[in-house]
Amino acid sequence: MPPEVKSAAYTGPRMLQGDLAALSPVLREFLEANVNLCQPDSIHICDGSDEENRAILTQLEKQGMMKKLQKYDNCWLARTDPRDVARVESKTLIVTQNQRDTVPLPLGGGVSQLGHWMSPEEFDKAMAHRFPGCMKGALVNNWPCNPEQTLVAHIPDRRLIVSYGSGYGGNSLLGKKCFALRIASCIARQEGWLAEHMLILGITNPAGEKKYMAAAFPSACGKTNLAMLCPTLPGWKVECVGDDIAWMKFDSEGILRAINPENGFFGVAPGTSAKTNPNAMATIFKNTVFTNVAETSDGGVYWEGMDQSLPDGVTITSWKNKPWSLMDGEPSAHPNSRFCTPAGQCPIIDPQWESPEGVPIEAIIFGGRRPEGVPLVYEAFSWQHGVFVGAAMRSEATAAAEHKGKVIMHDPFAMRPFFGYNFGQYLSHWLSMADRPGANLPKIFHVNWFRKSPTAGFLWPGFGDNIRVLDWMFRRVKGEAGAVPSPVGYLPCHDSLNLQDLSGDVDLDKLFSLDKAFWQQEMEEVKKYFTTQVNSDLPKEVGEQLELLQQKVNQM
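Residues numbered from 1 in each chain as written. Predicted model: local features only at pLDDT ≥ 70, side-chain atom pairs only at ≥ 80, totals over all residues. Heavy atoms only, no water.

### So, the overall build of the chain
A count of helices and strands for the chain gives 15 helices and 30 strands. Taking the principal axes of the C-alpha coordinates as reference, the chain spans close to 75 × 60 × 45 Å. Burial statistics for the chain: of 556 residues in total, 53% are counted as buried. Across the chain, the centroid of the 53 positively charged side chains sits 3 Å from that of the 62 negatively charged ones. (Helix = DSSP H or I, 4+ residues; strand = E, 2+ residues; numbered from the N terminus. Buried < 20%, exposed > 50% of the residue type's maximum accessible area, 1.4 Å probe, protein only. Lys, Arg positive; Asp, Glu negative; His and termini not counted. Charge placed at Lys NZ, Arg CZ, Asp CG, Glu CD.)

### Topic: the confidence of the model for the chain
Considering every residue of the chain, the mean pLDDT works out to 94; 97% of them sit at 70 or more. Contacts of residues 1-7 to residues separated by more than four positions or lying in other chains number 5 contacts, the stretch itself having pLDDT below 50. (pLDDT = per-residue confidence, 0-100. Contact = heavy atoms within 4.5 Å.)

### Focus: the sheet that holds strand β8 (residues 160-164)
Read across the sheet, 4 strands follow the order β6-β5-β7-β8 without closing on themselves; strand pairing throughout is mixed. Both edges of this open sheet fall to β6 (117-118) and β8, since each of them pairs with a single strand only. Across 3 bridges, the pairing between strand β5 (residues 92-95) and strand β7 (residues 151-155) is parallel. The partner of I94 across the bridge, within β7, is H154. (Pairing = 2+ DSSP bridges.)

### Topic: helix α5 (residues 120-130)
Two residues of an α-helix separated by three or four positions point the same way, owing to the 3.6 residues in each turn. Within α5, burial applies to F123, A126, M127 and R130. Burial along α5 is one-sided: seen end-on, the buried residues are contained in an arc of 100 degrees. Facing away from the buried side of α5 by more than 90 degrees, the exposed set consists of K125 and H129. On its buried face, α5 sits against α2 (25-38), β5, β6, β7 and β8. (Arc of directions from axis to C-beta.)

### Here we look at the packing of aromatic side chains
Within this structure, the stated rule accounts for 23 aromatic pairs. With a centroid separation of 4.8 Å and 35 degrees between ring planes, the pair formed by Y72 and F285 is classed as tilted. With Y72 in the loop between β3 (67-68) and β4 (76-78) and F285 in the loop between α9 (278-283) and β16 (289-291), this pair connects stretches of sequence that are 213 residues apart. Its relative accessible area of 14% is what places Y72 among the buried residues. You can call F285 partly exposed: its relative accessible area is 23%. For the pair F419 and F423, a centre-to-centre distance of 5.0 Å together with 40 degrees between the ring planes defines the contact as tilted. There is no split in this pair, since F419 and F423 are both buried. Grouped by ring-pair contacts, the aromatic residues F366, W383, F413, F419, Y421, F423, Y426 and W430 constitute a single cluster. Here the basic side chain of K211 rests over the ring of F474, its NZ or CZ set 5.5 Å away from the ring centre. The lysine or arginine in question, R476, covers the ring of Y490, its NZ or CZ lying 5.5 Å from the ring centre. (Phe/Tyr/Trp six-rings, centres within 6.5 Å; stacked < 30°, edge-to-face > 60°. Lys NZ or Arg CZ within 6 Å of the ring centre and 35° of its normal.)

### A closer look at helix α15 (residues 540-554)
For α15, which comprises 15 residues, the first-to-last C-alpha distance of 21 Å matches the rise-based estimate of 21 Å (1.5 Å per residue) to within 8%. Regarding α15, the residues found buried are V542, G543, Q545, L546, L549, Q550 and V553. End-on view of α15: buried residues confined to an arc of 155 degrees, all on one side of the axis. Buried residues along α15 sit against α10 (383-391), α11 (423-432) and α14 (516-534). (Expected span 1.5 Å × (residues − 1).)

### A short note on the sheet that holds strand β17 (residues 294-296)
Across the sheet, 4 strands lie side by side as β18-β17-β19-β20; this open sheet has antiparallel pairing. Two strands close off the open sheet at either side, each with one partner strand: β18 (301-302) and β20 (323-324). In terms of strand pairing, β17 meets β18 through 2 bridges, oriented antiparallel. Across the sheet, E295 pairs through a bridge with V301, a residue of β18.

### Section: the pattern of salt bridges
The tally for this structure, following the rule as stated, stands at 28 salt bridges. Residue R83 pairs with D81 through a salt bridge whose shortest N-O separation is 2.9 Å. Several salt bridges share partner residues, and in doing so they unite K176, K177, K223, D244 and E262 into one network. (Salt bridge = Lys/Arg side-chain N within 4 Å of Asp/Glu carboxyl O.)

### A few points about the side chain of R394
Along the chain, R394 turns up in strand β24 (residues 394-396). Judged by relative accessible area, R394 falls into the buried class, the value being 11%. When sequence neighbours within four positions are dropped, the list of residues in contact with R394 reads R370, I408, M409, H410, D411, E522, E525 and V526.

### Observations concerning the packing of α10 against α11
Closest axis-to-axis distance for the α10/α11 pair is 10 Å, and the angle between their directions is 150 degrees. As summarised for this structure, α10 and α11 are arranged roughly antiparallel, according to the angle between their axes. Here α10 and α11 pass one another in a crossing that is right-handed. Seen from α10, the contacting residues are W383, Q384, V387 and A391; seen from α11, they are F423, L427, W430 and L431. Along the lines of polarity and charge, the residues of the contact of α10 with α11 split into 7 nonpolar, 1 polar and no charged. (Axes fitted to C-alpha atoms, helices over the stretch in contact; angles between N-to-C directions. Parallel < 35°, antiparallel > 145°, perpendicular 65-115°, else oblique. Left-handed = near helix turned anticlockwise from the far one by under 90°. Nonpolar A, V, L, I, M, F, W, Y, C, P; charged D, E, K, R; others polar.)

### Describing the environment of Q533
As for its position among the elements, Q533 is in helix α14. Considering only alpha carbons, one finds Q533 and V103, 430 residues apart in sequence, at a separation of 8.9 Å. Sequence-distant contacts of Q533, defined by excluding residues within four places in its chain, comprise P104, V111, S112, Q113, L114 and K528. Separated by 2.7 Å, the side chain of Q533 and the backbone nitrogen of Q113 make a polar contact. (Polar contact = N/O pair within 3.5 Å; in protein donor to acceptor, adjacent residues only side chain to side chain.)

Set out below in structure tokens:
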């Protein structure tokens, strides 16, 4: 503890708003204990009113932390400290008494890639180093953060989250990744349901039949774009339930139902445009907070891939608050810049998006950015095979975390940064769903919109044309679409994908080709990952699925 904190006489905070006596005993005890620890100058107990919201925004603008965007209705811009721009996985921890409750023990020792563990004793030391007196004194940075001391800790046994040093996104929006995934996944395991990094969409065919699907992609791999899809096939309709998190539970009739526990979207701005996601663009220009995007001189926002021309004379200020032009050689908006906007504003929000019963899930989709080797779509042979497909997911790293470059990373279930407990036990929990009496298990698929030609860019047009893949899945769920078995799963048979009026030539042979050498190497990478990272916690069913796939690939 710093000497000045030891000797300083703390007389208590001023009460700006609220009444401590009106709080529940548990909440009051929590607040009083942390007031004594952190020593704030004042306390404001929120009432959630519009007046309070306006007052807070006005204060933040006065302090230089926010700026009102005059071009839009109640939209605001925040520029963070350049050191505080993404999730900090290396400083995001799960606190348990036993390490193996949090992560499998890697073969031969070393650091786990499936989460970061901290003992309760080390956590107490980390708390004592950071929190005493941390709210005392004047604000010296208009973006309050302490990147060198950032810590995002989760204590599942107490259902407690402690975050220090970061004001960015998922490090400070503690109801999102921290609670709705890491803590919730622990609760879900105890209570027999699933808390997943998945979008939820409703899809209606031209005949008026509707089905719901959930999809797990790593951050910045197109979840929001798919959740808000504008179909190019006539007569199809997509509606959005959620774009990031799904809580799923079997009902009394064995149907897997999903809710979106969030009230809004926290989407990646760069690459979002009227072409890639018109529904997102129609959602975000009122009641929205933008973080680390560029600003236009007429009071608007700008980012790479926005595909909007600026009026003559309008200039751009970068996310670093400096004048910007195309000649600068660096992006105007940070690659992980975001919009945070109410979900209810989405023009295609599903009528059931807030249903407490949840929507019935008939298909689960896994996917990621794979420029080589992985076909456009395939269906798992069984639930057990589908769990293996999720466990074996790999994808190019994105700007959503602190990783650099285009390295292909293992990201099982798109949950690698978000597991609240041991990944091997997580796989066992997924497998156990098949043992539930009367469970109506969804079909499981894998997609890859991002396969490239060595010379001609992406092989699949993507965006609205992804409805053609969803159409095939929809018909597979109904038992109507044709498929052929392959080593990796069921592939669409000839002419089973609806390519009607598809613009441009699409080489289906290349999109669905399976190269033996690629898949042999892929399976070696997955085997190495399972062996070294999951080790003895790997369920035998997943190991058996790997062996089956290796045999099939070797026989190609």
